[in-house]
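The chain contents come next:
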Amino acid sequence: WYYWIILVLAVSVEFCMVYWSADYLSGVLGVPVAGAAQAVSLFLAGMIVGRLAGGQAVRRFAPRAVILAALLLGSAGFALFWITASPVLGMAGLALTGLGVASLYPLVLALAIGAAGGDESQAGARTTLASGTAILALPLVLGRVADLVGLKGAFGVVAVLFAGMFVLMVVGMRVGRGMSINQG
């Protein structure tokens, strides 16, 4: 269940960024609307590079270590995106966020299915539910919070998602100390 929750949080970050980053770049950082819409491709390009790099990284490092590194990179990129007043730095942060979060979905999915203990089909169904829940709920939550406190403050939701993933990964690693990857 640790991995299921982390999967919800990871997919939530992806879709909050895809849905709301153009509005943030435009409304908060002053990027023209067309440029802000195009800049979302920086997040997606970061994800493509991150997925390729993550695939190479797990050949050399333990998946949990790669996940933690990806969380740190994604969090740092997000912090840059969120706290800067510079459009250029905001776009760089957007790309770094994509680079960091890219490996989370495939690696956490593998850990979740590996932790299923022989019930991989049930784990697969539950992970699909995790993704659907994240895609449906969290971008709407961020939007509702934006209605209440503004878009800059609402992006605190993404900061909480990153913090939650980090805490759950650390707790999951401590609980699962000594387990093989196939055991979770």
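Up top is the structure.
Residues numbered from 1 in each chain as written. Predicted model: local features only at pLDDT ≥ 70, side-chain atom pairs only at ≥ 80, totals over all residues. Heavy atoms only, no water.

**With respect to the nonpolar core**
A general feature of soluble globular proteins is that nonpolar side chains tend to end up buried together.
Logical step 1: Ranked by internal contacts, the top residues of the largest apolar core, which has 51 residues, are Met-17, Phe-155, Val-158 and Met-165.
Logical step 2: At the level of secondary structure, the elements contributing two or more residues to this core comprise α1 (2-27), α2 (33-60), α3 (63-83), α4 (87-101), α5 (104-114), α6 (120-149), α7 (151-154) and α8 (156-175).
Logical step 3: Counting residues per element, this core draws most heavily on α1, which supplies 13 residues.
Logical step 4: Not counting residues within four places of it along the chain, the set of residues in contact with Met-17 comprises Phe-43, Phe-78, Phe-81, Leu-94, Thr-97, Phe-155 and Val-158. (Core = buried A, V, L, I, M, F, W, Y, C linked by side-chain atoms within 4.5 Å. Buried < 20%, exposed > 50% of the residue type's maximum accessible area, 1.4 Å probe, protein only. Helix = DSSP H or I, 4+ residues; strand = E, 2+ residues; numbered from the N terminus. Contact = heavy atoms within 4.5 Å.)

**Looking at a nonpolar patch on the surface**
Logical step 1: A cluster of nonpolar side chains, Tyr-2, Leu-72, Phe-166, Val-167, Val-171 and Val-175, forms an exposed patch at the surface whose accessible area comes to about 510 Å².
Logical step 2: Looking at which element gives the most residues to the nonpolar patch, the answer is α8, with four residues.
Logical step 3: Along the chain, the position of Val-167 falls in helix α8. (Patch = residues over 30% accessible without salt bridge, like charges linked within 9 Å, V, L, I, M, F, W, Y side chains within 5 Å. Areas by Shrake-Rupley, 256 points an atom, 1.4 Å probe, with all protein chains shown as cover. Salt bridge = Lys/Arg side-chain N within 4 Å of Asp/Glu carboxyl O.)

**Some details on the packing of α3 against α5**
Logical step 1: It is the contact of α3 with α5, at a shortest axis distance of 10 Å, that shows an interaxial angle of 145°. Once α3 is placed against α5, the crossing between them reads as left-handed. Each of Pro-63, Arg-64, Val-66, Ile-67, Ala-70 and Leu-71 in α3 lies in contact with α5, whose residues at this interface are Leu-104, Leu-107, Val-108 and Leu-111.
Logical step 2: For the contact of α3 with α5, the per-class residue count stands at nine nonpolar, no polar and one charged. (Axes fitted to C-alpha atoms, helices over the stretch in contact; angles between N-to-C directions. Left-handed = near helix turned anticlockwise from the far one by under 90°. Nonpolar A, V, L, I, M, F, W, Y, C, P; charged D, E, K, R; others polar.)

**With respect to the packing of α3 against α4**
Logical step 1: Two elements in contact, α3 and α4, have axes separated by 7 Å at closest approach and are oriented at 160°. Classed by the angle they form, the pair α3 and α4 counts as roughly antiparallel. Between α3 and α4 lies a crossing of left-handed hand. Residues Ala-70, Leu-73, Gly-74, Gly-77, Phe-78, Leu-80 and Phe-81 of α3 form the contact with α4, whose own contacting residues are Leu-89, Gly-90, Ala-92, Gly-93, Leu-94, Leu-96, Thr-97, Leu-99, Gly-100 and Val-101.
Logical step 2: A class-by-class count of the residues in the contact of α3 with α4 yields 11 nonpolar, six polar and no charged. (Parallel < 35°, antiparallel > 145°, perpendicular 65-115°, else oblique.)

**What to know about the environment of Gln-38**
Logical step 1: Within the secondary structure, Gln-38 is located in helix α2.
Logical step 2: Since its relative accessible area comes to 60%, Gln-38 is described here as exposed.
Logical step 3: Residues Gln-38 and Leu-80 lie 42 residues apart in sequence; the distance between their C-alpha atoms is 19 Å.

**Concerning the pattern of salt bridges**
Logical step 1: All told, the structure shown has one salt bridge when counted by the stated rule.
Logical step 2: The salt bridge partner of Arg-51 is Glu-14, with a shortest N-O separation of 3.5 Å. Here Arg-51 is found in helix α2, whereas its partner Glu-14 is found in helix α1, with 37 residues between them in sequence.
Logical step 3: The class for Arg-51 is partly exposed, based on a relative accessible area of 37%.

**Some points on the packing of aromatic side chains**
Logical step 1: Enumeration over the complete set of coordinates arrives at eight aromatic pairs.
Logical step 2: A centroid spacing of 5.5 Å and a plane angle of 25° characterise the contact between Phe-78 and Trp-82, whose relative ring orientation is stacked. Pair noted here: Phe-78 and Trp-82 are both in helix α3, with a separation of four residues, about one helical turn.
Logical step 3: With a relative accessible area of 3%, Phe-78 lands in the buried category.
Logical step 4: By relative accessible area, Trp-82 is classed as partly exposed at 22%.
Logical step 5: On the numbers, 5.5 Å between centres and 70° between planes, the contact of Phe-81 with Phe-155 is edge-to-face. With a gap of 74 residues between them, Phe-81 in helix α3 and Phe-155 in the loop between α7 and α8 connect regions that are remote in the sequence.
Logical step 6: Judged by relative accessible area, which is 0%, Phe-155 ranks as buried.
Logical step 7: Here a set of aromatic residues connected by ring pairs shows up, and it is made of Tyr-24, Phe-78, Phe-81, Trp-82, Phe-155 and Phe-162. (Phe/Tyr/Trp six-rings, centres within 6.5 Å; stacked < 30°, edge-to-face > 60°.)

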